[in-house]
Amino acid sequence: MSTSKPKPPATTPTKIRRRSDAPTLLDVAHAAGVSEMAASSALNGGRRGSARVSAETRERVLAAVQRLGYRPNATARALANQRTNAIGFVANFLGEEPNLYFLEVFSGVIQGATAAGQTTAVFTLNDWDEAPARIPAFCDGRVDGLILLGPRLQDDGSAWLPQHMPLVSVQADRSVSGAVNVESDDEAGAYEMVRQLLAMGHRRILHVAGPPGFSGANRRLEGYLRAHAEAGVKPAPGHVVRAPLTLEGGREAMQEWLLRHRGRPLPEAVFGCNDAIAFGCIETLRGRGLRVPEDVSVVGYDHTLMARWMHMATVRQPLHEIGRRAAEVLVQRIEAFRRGEPYLGPLNIVLPTEIVPGATMAEPRRTRLTIT
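Keep in mind the model is a prediction, meaning the values are calculated, not measured.

Caption draft 1: Molecular detail of the pairing of strand β11 (residues 297-302). Across the six residues of β11, six count as buried, placing the element largely inside the fold. Both strand β10 (residues 269-272) and β11 contribute to a ladder of three bridges, which runs parallel. Note that in β11 the partner of Phe271 across the bridge is Val299. Taking the sense of rotation as the criterion, the β-α-β connection linking β10, helix α10 (residues 275-287) and β11 turns out right-handed. Where β11 and strand β12 (residues 314-316) come together, three bridges link them in parallel fashion. If you follow Gly300 over to β12, its bridge partner there is Thr314.

Caption draft 2: Inspection of the pairing of strand β13 (residues 348-351) at higher detail. Side-chain alternation along β13 places Ile349 and Leu351 on a buried face and Asn348 and Val350 on a face that remains uncovered. For strand β7 (residues 179-184) and β13, the ladder comprises four bridges, and the chain directions are parallel. Pairing of Glu183 across the sheet is with Val350, part of β13.

Caption draft 3: Representation of the environment of Val176 within the structure. By the secondary structure assignment, Val176 is in the loop between β6 (167-170) and β7. Considering only alpha carbons, one finds Val176 and Leu161, 15 residues apart in sequence, at a separation of 9.1 Å. In this view, Val176 contacts Leu148, Pro151, Leu153, Asp156, Leu161 and Ser169; residues no more than four positions away in its chain are not counted.

Caption draft 4: A look at the sheet that holds β11. Sheet architecture is open: six strands sit in the order β9-β8-β10-β11-β12-β14, paired in mixed fashion. Edge positions in the sheet fall to β9 (240-242) and β14 (354-356), since each has one partner strand and no second. Strand-to-strand, the axes of this sheet are offset by a mean angle of 25°, without reference to chain direction.

Caption draft 5: Structural context of the pattern of salt bridges. Here the structure, examined in full by the defined rule, presents 22 salt bridges. Across the salt bridge formed by Asp295 and Arg365, the nearest N and O atoms sit 2.9 Å from each other. Within this pair, whereas Asp295 is found in the loop between α10 and β11, its partner Arg365 is found in the segment after β14, the two being separated by 70 residues in sequence. Accessibility expressed as a relative area gives 10% for Asp295, which makes it buried. Residue classification places Arg365 among the partly exposed positions, given a relative accessible area of 28%. Overlapping salt bridges bring together Glu183, Asp186, Arg219, Arg220 and Asp302 as one network.

Procedures and definitions
Residues numbered from 1 in each chain as written. Predicted model: local features only at pLDDT ≥ 70, side-chain atom pairs only at ≥ 80, totals over all residues. Heavy atoms only, no water. Buried < 20%, exposed > 50% of the residue type's maximum accessible area, 1.4 Å probe, protein only. Helix = DSSP H or I, 4+ residues; strand = E, 2+ residues; numbered from the N terminus. Pairing = 2+ DSSP bridges. Right-handed = clockwise from strand over helix to strand, strands pointing away. Contact = heavy atoms within 4.5 Å. Axes fitted to C-alpha atoms, helices over the stretch in contact; angles between N-to-C directions. Salt bridge = Lys/Arg side-chain N within 4 Å of Asp/Glu carboxyl O.

As structure tokens, this is what we get:
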């Protein structure tokens, strides 16, 4: 008697569908009993060229699509329709700190693009000096238009920007050839903030400005100076310094300024060119045992997540709305370009700013503090 166990029944190995096994338009046509052209016409609105598709044929094609799990080839459809329904977002990232300004604007771009039925692709630059070589490469059919965030170009780009690509810039440092620019009123926002500080009684207001090559930073400095001039108050000597637009930039600029002015009066208020600089200044002041705002008021600019989180007094520029509007305008430009019509909207869109009171701004101390 044999003691060997019976062999288990043979099983058929599960077939793994390769990418190349995905159902094609031809498979759909065969399953629906129609020609490939008719299937294509049914999936593209019922008409393509001279081919006409009945409602009954369209229903058969759609049923075959669902039964086979067919997914149209996006690249092929884009080539056929001469549109990708995608927009590009080009940005340069400075340093390793999280770029909250970028995130706020980008969230608006996504909202605006989604509302218009568009997807969004992100293209990054190490530096805007790369733009003449890299931006034309982004215009290779992957997107229908581009949004440039804070472009700092050496020229207006007329010699190298592709003429077939609709463009929108966000807070451009200079005019970009063929682009609509969307921005906020930097000078007015800074002016209103400093005017409020002066009205509260502050006189020694330190402005930690951004780098000299940034037009937005320069406009905020102009607002700071205009507020002083209109109030008949001369800015205290040495009370304007430049710093990178980062938390670390604000931290180091505040530390260096205090060291250089040891033995002199402490500023009554500090106005940072952006929220990151202002937050860095707060860290340095608190690290020296100073209280904000009891000893020094500190205000920023942007109203980013950082400012909202710590209830910092700041100038709100509508970053989300700027991004949403940029996407909206870009889609309008794409549609006008596709119809062979000129874009008739404004070429520079300026959105207003507003003061956001916060826990870091108060009236000045009655007694003067000296830097130690």
